[in-house]
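Secondary and tertiary structure notes
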Amino acid sequence: MKRMVALAALLWLAVPGLSPADEPPPASTAPAVPPDDALESQGAVIGEIKVNVGDVFNPEDPEENRRLFLIANKLHRTTRDSVILDQLLFRSGDRYSRRLLDESERILRQDRYLYDAEIRPVRYNGNRVDVEVVTRDVWTLNVGVNLGRSGGVSSTGFQLQDTNLLGTGKSVTLAHSSNVDRTSSLFQYDDAAVLGSRVRLGAGYSDNSDGNVRHLALGRPFYSLDARWAAQMNALVADQVDTHYELGHIASGFRHQEG
């Protein structure tokens, strides 16, 4: 009987996963994230800010897990983390504020190259709150071609536009059209965050068979509830060859918002 008990004990120790020494230690549980009002009343500060940018098509969705959509994801350059971070109204080390998180969500949702945005606290430790910014891209490359013929006269045109060039958040448009009355070539550049700032830039040049047009827009909008001032400058210069007429116009404005 003693031999049978000893043999059973040896078999129990030899079976993988049954030895107490082989059992994994209990997983440590991180402190739960307190509610927003508790974090604010405790004076919690922002810790790590993690950006998670999703592809245009979600491979976990059966409707989008198709070869064509997966190829599109491979060809698409997702928005860079720095582009997202530059638009946030908070930084690591700032006091935690749910209002600033909500405002930052609103700012991101205004971007034409993002489908949606969500900002949430994900980890709490030592009065520091780690925050995750979750966004999803949309397809931003647009190509258009126009071919036509009427009354023995042909017309052609094409347009190439990317509203999130190489994931930078910048927009570039190239267009050309030609018909019996006019030939036109257009270049347009738009930057909603010049050098990572709140300054916006729009510049364009149109070279036409009957003249050309140049325009420039530079400004800083009321991007948040705490923004106290905004300014805008617009310049337009048009030159028409057929009438030798040149038009120049510059407009500027400044607005101040009281607290």
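1. Topic: the overall build of the protein chain
Within the protein chain, the regular secondary structure consists of five helices and 11 strands. The proportion of buried residues among the 259 residues of the protein chain is 30%. Considering only residue pairs separated by 6 or more positions, the protein chain has 44% of its internal contacts joining residues 24 or more positions apart. Counting every atom, the protein chain has about 16800 Å² of accessible surface; 57% of that belongs to carbon and sulfur.

2. Quick word on helix α5 (residues 98-109)
With 12 residues, α5 extends 17 Å between its outermost C-alpha atoms, agreeing within 8% with the 16 Å of an ideal straight helix rising 1.5 Å per residue. Of the residues making up α5, those classed as buried are R98, L100, L101, E103, S104, E105, I107 and L108. The inward-facing, buried residues of α5 abut α2 (36-41), α4 (81-87), β2 (114-125) and β3 (128-137).

3. Quick word on the pattern of salt bridges
The final tally for this structure, using the stated rule, is 14 salt bridges. R99 is paired through a salt bridge with D226; the nearest N and O atoms lie 3.1 Å apart. A residue pair is termed long-range when its members are at least 10 positions apart, and R99 in helix α5 and D226 in the loop between β9 (211-220) and β10 (229-240) qualify at 127 residues. Residue R99 is classed as partly exposed on the basis of its relative accessible area, which comes to 39%. Beyond isolated ion pairs, a larger network of salt bridges with shared partners links R98, D102, E105, R109 and D116.

4. Side note on the confidence of the model for the protein chain
Of all residues in the protein chain, 81% have pLDDT values of 70 or greater, and the mean over the chain is 86. Every residue in residues 4-20 scores below 50 in pLDDT, and together they form six contacts with partners more than four places removed in sequence or on other chains.

5. Describing the side chain of S171
Along the chain, the position of S171 falls in strand β6 (residues 171-178). Not counting residues up to four positions away in its chain, the partners in contact with S171 are R112, Q161, D162, T163, Q188, Y189 and D190.

6. A few points about the environment of G211
Following the sequence through the fold, G211 ends up in strand β9. Since its relative accessible area comes to 4%, G211 is described here as buried. Taking the C-alpha atoms as reference points, G211 and V241, separated by 30 residues in sequence, lie 4.8 Å from one another. Once residues within four sequence positions are removed from consideration, G211 is found in contact with S206, D239, Q240 and V241.

7. A short note on the sheet that holds β3
Pairing within the open sheet is mixed, and its three strands lie in the order β1-β3-β2. With partners counted over all chains shown, the strands left at the sheet margins are β1 (45-54) and β2, one partner each. Between one strand and the next, the sheet's axes are offset by a mean angle of 20°, whatever the strand orientation. Inspection of the sheet shows β2 paired to β3 by 10 bridges, in the antiparallel sense. Counted as the bridge partner of P121 is V131 from β3. Lying over the sheet, α5 contacts β2 and β3, oriented at roughly 155° with respect to β2.

8. Brief notes about a nonpolar patch on the surface
On the surface, I71, L75, W139, L141, V143, V145, L147, F158, L160, L174 and F187 cluster together into a nonpolar patch covering about 1100 Å² of accessible area. Take the nonpolar patch: its biggest share by element is four residues, from strand β4 (residues 141-150). Among the structural elements, I71 can be located in helix α3 (residues 67-75).

The rules we used
- Residues numbered from 1 in each chain as written.
- Predicted model: local features only at pLDDT ≥ 70, side-chain atom pairs only at ≥ 80, totals over all residues.
- Heavy atoms only, no water.
- Helix = DSSP H or I, 4+ residues; strand = E, 2+ residues; numbered from the N terminus.
- Buried < 20%, exposed > 50% of the residue type's maximum accessible area, 1.4 Å probe, protein only.
- Contact = heavy atoms within 4.5 Å.
- Areas by Shrake-Rupley, 256 points an atom, 1.4 Å probe, with all protein chains shown as cover.
- Expected span 1.5 Å × (residues − 1).
- Salt bridge = Lys/Arg side-chain N within 4 Å of Asp/Glu carboxyl O.
- pLDDT = per-residue confidence, 0-100.
- Pairing = 2+ DSSP bridges.
- Axes fitted to C-alpha atoms, helices over the stretch in contact; angles between N-to-C directions.
- Patch = residues over 30% accessible without salt bridge, like charges linked within 9 Å, V, L, I, M, F, W, Y side chains within 5 Å.

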